[in-house]
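Listed here are the chains, written in short residue letters.
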Amino acid sequence: MTAPIRHGALGLLVGAAIMLAGVGVARAAAPPAGVADARIASTFAMDGHITTAVRVRGEHRGQRVTRRWTFTGVGCAASVCPKLTLRRQRSAHHLDRLTLTRVGVGSYAGSGRFTSALRCRGRRVPRGLVVPYTVRVQVTQVVAIEGNAFASRLLATYTNRRRIDRTRCPIGPSHDAARYAGTAAPLPTPPAAAFQVAVAPGHDTATFTDASTPGAGGAPIVGRLFGFGDPATGAADAATASPATHTFSAPGAYRVGLIVIDANGLTAGSTQTVVVPGRATAGAAQASKRTVASTALSSPIS
């Protein structure tokens, strides 16, 4: 007789997992270019042009440049992040890291500095030039993903008002600036939820391992919830660790669900039916031993 599927107190969680498993990216109609609040949580391909370049080696006004900027939201709630971390590519594939603070609707600003080598009197001075700068970012287009707005297009400016020459060979006043427009490459997508199950043979315990993978953009998975569909076990009917081990209350088939959430607040779910054979009874074990002994005695001697 086939054991019935047992529905636990976490049936709602399992149902949510079923729905979440089919959740994708819902692209809202893009609003006209303008100001909007949205999470900035992607790598952006930034197309820019130099607007000012005074005594800056390798730069000239009007020069076109292409850069990659990667944003990560900090302390985000719904579609608003109070801060962003930015890894900004600049010339010669150097990377800068700075923090941007929300200064208005869809607007962020932050300051940083980098250093560069200079030659003076035939000697290379590794940090001879100090370049303080300010970056401003404005969201101009958004896409709705799982009900939250994510930035799909940005405008940005880079401004350096004065380069500081620390060598004994001053080059004179030096500064630069640039404007950028960027598109997300790619937009984030929800993670893909999956888990592996190992049921102990002849036992009532199973081990569950989260095998979920990040969505586009690579946002890490930061939380999970297993629901084992076994309400008789009380609080043990759920777990947030991976791997998670659960001892079922009785043999049978159980609908087990997993919901995961990533650093962008995007979710996904997966469910599986897990069959638990249960522990072998003492009587069954003794009968098994007698059968083995009887088979051995009846075998011909070679």
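Residues numbered from 1 in each chain as written. Predicted model: local features only at pLDDT ≥ 70, side-chain atom pairs only at ≥ 80, totals over all residues. Heavy atoms only, no water.

Structural notes on the confidence of the model for the chain
Stated formally: A score between 0 and 100, pLDDT records how confident the predictor is in each residue. Any pair of residues with heavy atoms lying within 4.5 Å of one another is described as a contacting pair.
When the pLDDT values of the chain are averaged, the result is 85; 81% of them are 70 or greater. In the predicted structure, residues 1-5 sits below a pLDDT of 50 and forms six contacts with residues beyond four places in sequence or in another chain. Confidence drops under a pLDDT of 50 for residues 7-33, and excluding neighbours within four residues, the segment shows 52 contacts in the predicted structure.

Quick word on the packing of aromatic side chains
As a reminder, the rule being used: Ring pairs shown here join Phe, Tyr and Trp side chains whose ring centres sit within 6.5 Å, with only the six-membered ring taken for Trp; geometry is labelled stacked below 30 degrees between planes, edge-to-face above 60, and tilted in between. Only DSSP runs of H or I covering at least 4 residues are called helices, and only runs of E covering at least 2 are called strands; the numbering of each starts at the N terminus. Relative accessibility decides the category of a residue: with a 1.4 Å probe and only protein chains considered, values under 20% of the type maximum give buried, values over 50% give exposed, and everything between is partly exposed.
One pass over the structure, following the stated rule, counts 12 aromatic pairs. With a centroid separation of 6.3 Å and an interplanar angle of 55 degrees, the aromatic rings of F195 and F208 are classed as tilted. With a gap of 13 residues between them, F195 in strand β11 (residues 195-199) and F208 in strand β12 (residues 205-210) connect regions that are remote in the sequence. The class for F195 is buried, based on a relative accessible area of 6%. The interplanar angle of 90 degrees and the centroid separation of 5.8 Å between the aromatic rings of F195 and F226 together place this pair among those described as edge-to-face. In this pair, F195 is assigned in strand β11 and F226 in strand β13 (residues 221-227), connecting sequence segments 31 residues apart.

A look at the state of the cysteines
For the record, the criterion: What counts as a disulfide here is a pair of cysteine sulfur atoms lying within 2.5 Å.
On inspection of all chains with the given rule, the structure shows two disulfides. Shown here is the disulfide that connects C76 with C81, its sulfur atoms set 2.0 Å apart. Here the disulfide of C76 and C81 is right-handed, its torsion about the S-S bond being about 105 degrees. Between the sulfur atoms of C120 and its disulfide partner C169 the distance amounts to 2.0 Å. On the sign convention where negative is left-handed, the bridge of C120 and C169, at about 70 degrees about the S-S bond, is right-handed. Of this pair, C120 sits in strand β6 (residues 107-120) while C169 sits in the loop between β9 (164-165) and β10 (175-184), and the two are 49 residues apart along the sequence.

Some details on the nonpolar core
The criterion, for reference: Here, the term nonpolar core denotes a set of buried Ala, Val, Leu, Ile, Met, Phe, Trp, Tyr and Cys residues that are joined through side-chain atoms within 4.5 Å.
By size, the foremost hydrophobic cluster in this structure holds 38 residues, and its most contacted members are I40, W69, F71, L100 and V137. Among the elements of the structure, β2 (43-54), β3 (64-74), β4 (83-89), β5 (95-104), β6, β7 (123-145), β8 (148-160) and β10 are those that each provide at least two residues to this core. Those residues in contact with I40, other than ones at most four positions away along the chain, are F71, T72, G73, L84, Y108, V137, V139, A151 and L154. Core analysis: the second largest hydrophobic core is formed by 16 residues, A206, F228, A268 and V274 among them.

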